[in-house]
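Close look at the chain arrangement
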Amino acid sequence: MVLEAIRYSPGSLEILNQLKLPHQEEYDQVHSSTDGWHAIKDMRTRGAPAIAIVAALSLAVELQNSKVSDKADEVAAFILEKLNYLVTSRPTAVNLADAARKLKKVVESAAKAKDSDGAAVSQAYCDAAAQMMISDVSDNQGIGKYGAEWISKQAGGGQVSVLTHCNTGSLATAGYGTALGVIRSLHANGSLKRAFCTETRPYNQGSRLTAFELVHDKIPATLITDSMASALLRLKGPSERIAAIVVGADRVAANGDTANKIGTYQLAITAKHHGVKFLVAAPRTTIDLQTLSGADITIEERPGQEMTFIKGPRFDGVDLDLSQTETVSIAAKGIDVWNPAFDVTPAELIDGIITEIGVVEKGEDGKFDLTIAMEAHHEGIKPSTIGGL
Ligand SMILES: CSC[C@H]1O[C@H](OP(=O)(O)O)[C@H](O)[C@@H]1O
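The paragraphs below set out a description of the structure included in this document. As the structure is a computational prediction, the values presented were derived from the model and not from experiment.

**Quick look at the sheet that holds strand E2 (residues 12-16)**
Across the sheet, which stays open at both edges, the three strands sit in the order E1-E2-E3 with antiparallel pairing between neighbours. Two strands lie at the open edges of the sheet, namely strand E1 (6-9) and strand E3 (27-29), each paired on one side alone. Sheet twist, expressed as the mean angle between neighbouring strand axes with direction ignored, is 20°. Sheet topology note: the E1/E2 ladder contains four bridges and is antiparallel. Residue pairing for E2: Arg7 is matched across the bridge by Glu14. Relative to the sheet, helix H2 (residues 48-64) contacts E1 and E2, its axis offset from that of E1 by approximately 30°.

Below, the structure written as structure tokens:
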């Protein structure tokens, strides 16, 4: 059974409540853009691509379940207002803002069309929002293909292990995943020895979500704490043939600096120290040429209690009691907390950016040129024009 973070059909949107995973698989209904905003803010749904898709579809179901004006410009104005509201839910991942920008263009074009009316504008929006979900899965399968090929080629063939951070799988996207998509493709190719995943404190996307996906897919995998990464590379890197650390992204700046889950930057440092490749896996909807460098990326800070308390089903010493969710304190009362949700890895520590059309590598100047990848998005330039293939 395929893991579905998002279930959509015209008029109906359900999200898998990721605060309940891995022990409870509960779907929450999303009826409106307000529901969508709160689901994203609460992190009941999360992951850069999934955030964009849930936001877009939350407005689609709101339109589908309401009587829209018959005036094209009124419906267009309503949609633009709601998109501006939705992008305020979480600031770091660019996918949501990118989706809103593209959807605004669709709406403005539909509103200008000859004999257009409210229903036509609403339908054009809903069709475009639904297409984003379909495109994301195919993007991720491309990322998986090119990422797996690149890693296998760099490792000289045979089976390799990789380390990943946070959750970048079917629970962070419309399906298959980005960095976890690379792991899925390596496994499908028979090229994966083992996947190592970090627990990814404090939200524990790794221990709760990535581990859940890897167990679900029966992929050989080992969970480590975030603090074990360097020791893993030093003590088990050669024997486990750890060829790369592969992570997702929330925003890739024009120069390749990448914002991703907190803890990513230190993984890039230890990868460099241990001679292990460090790869960012991201669809081009995550590349933001308007943000020139990592210094320009807004880093979301989350509430301190998300670090100082931990939630989970009650354990009676023998088994889990799923009917009882307990919240326990794991920090001294009164301590100040700094809880940034992301950090920025400088391009100099990144060996390649895996996109759905190929792996972008640095040029002879030691810098990334992401415009080729983005132009291909519009002009269909074949992947072979991008390094690494
Ligand atoms: C393909 S998901 C990309 C990215 O999103 C995650 O952040 P969050 O769980 O806070 O939404 C994480 O940074 C992933 O790498």
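**Let's talk about unusual backbone geometry**
Residue Pro22 is reached from Leu21 by a cis peptide bond, and omega for that bond is 10°. Within the element layout of this structure, Pro22 appears in the loop between E2 and E3. The residue after Arg201, namely Pro202, is reached through a cis peptide bond having omega 0°. Here Pro202 shows up in the loop between strand E5 (192-198) and helix H7 (205-216). If you check the backbone angles, Asn204 has positive phi at about 60° while not being a glycine. Relative to the assigned elements, Asn204 resides in the loop between E5 and H7. Of note in the backbone geometry, Arg241 takes a positive phi value of approximately 55° without being a glycine. On the secondary structure map, Arg241 appears in the loop between helix H8 (229-236) and strand E7 (242-247).

**Section: the nonpolar core**
For soluble globular proteins, the rule of thumb is that nonpolar side chains tend to be buried together. Among the nonpolar cores identified, the biggest contains 48 residues, and Ile6, Leu57, Ile79, Leu83, Val121 and Tyr125 are the most heavily contacted of them. Going through the elements one at a time, E2, helix H1 (33-41), H2, helix H3 (72-86), helix H4 (94-112), helix H5 (118-155) and H7 are the ones with two or more residues in this core. Broken down by element, the residue count for this core peaks at 12 residues, all from H2. Three or more residues apiece are contributed to this core by two domains, here domain 1 (6-136) and domain 2 (156-301 + 337-385). Not counting residues up to four positions away in its chain, the partners in contact with Ile6 are Leu13, Glu14, Ala50, Ile53, Val54, Leu57, Met133 and Thr173.

Rules used throughout
Residues numbered from 1 in each chain as written. Predicted model: local features only at pLDDT ≥ 70, side-chain atom pairs only at ≥ 80, totals over all residues. Heavy atoms only, no water. Pairing = 2+ DSSP bridges. Helix = DSSP H or I, 4+ residues; strand = E, 2+ residues; numbered from the N terminus. Axes fitted to C-alpha atoms, helices over the stretch in contact; angles between N-to-C directions. Contact = heavy atoms within 4.5 Å. Core = buried A, V, L, I, M, F, W, Y, C linked by side-chain atoms within 4.5 Å. Buried < 20%, exposed > 50% of the residue type's maximum accessible area, 1.4 Å probe, protein only. Domains from an automatic or database assignment.

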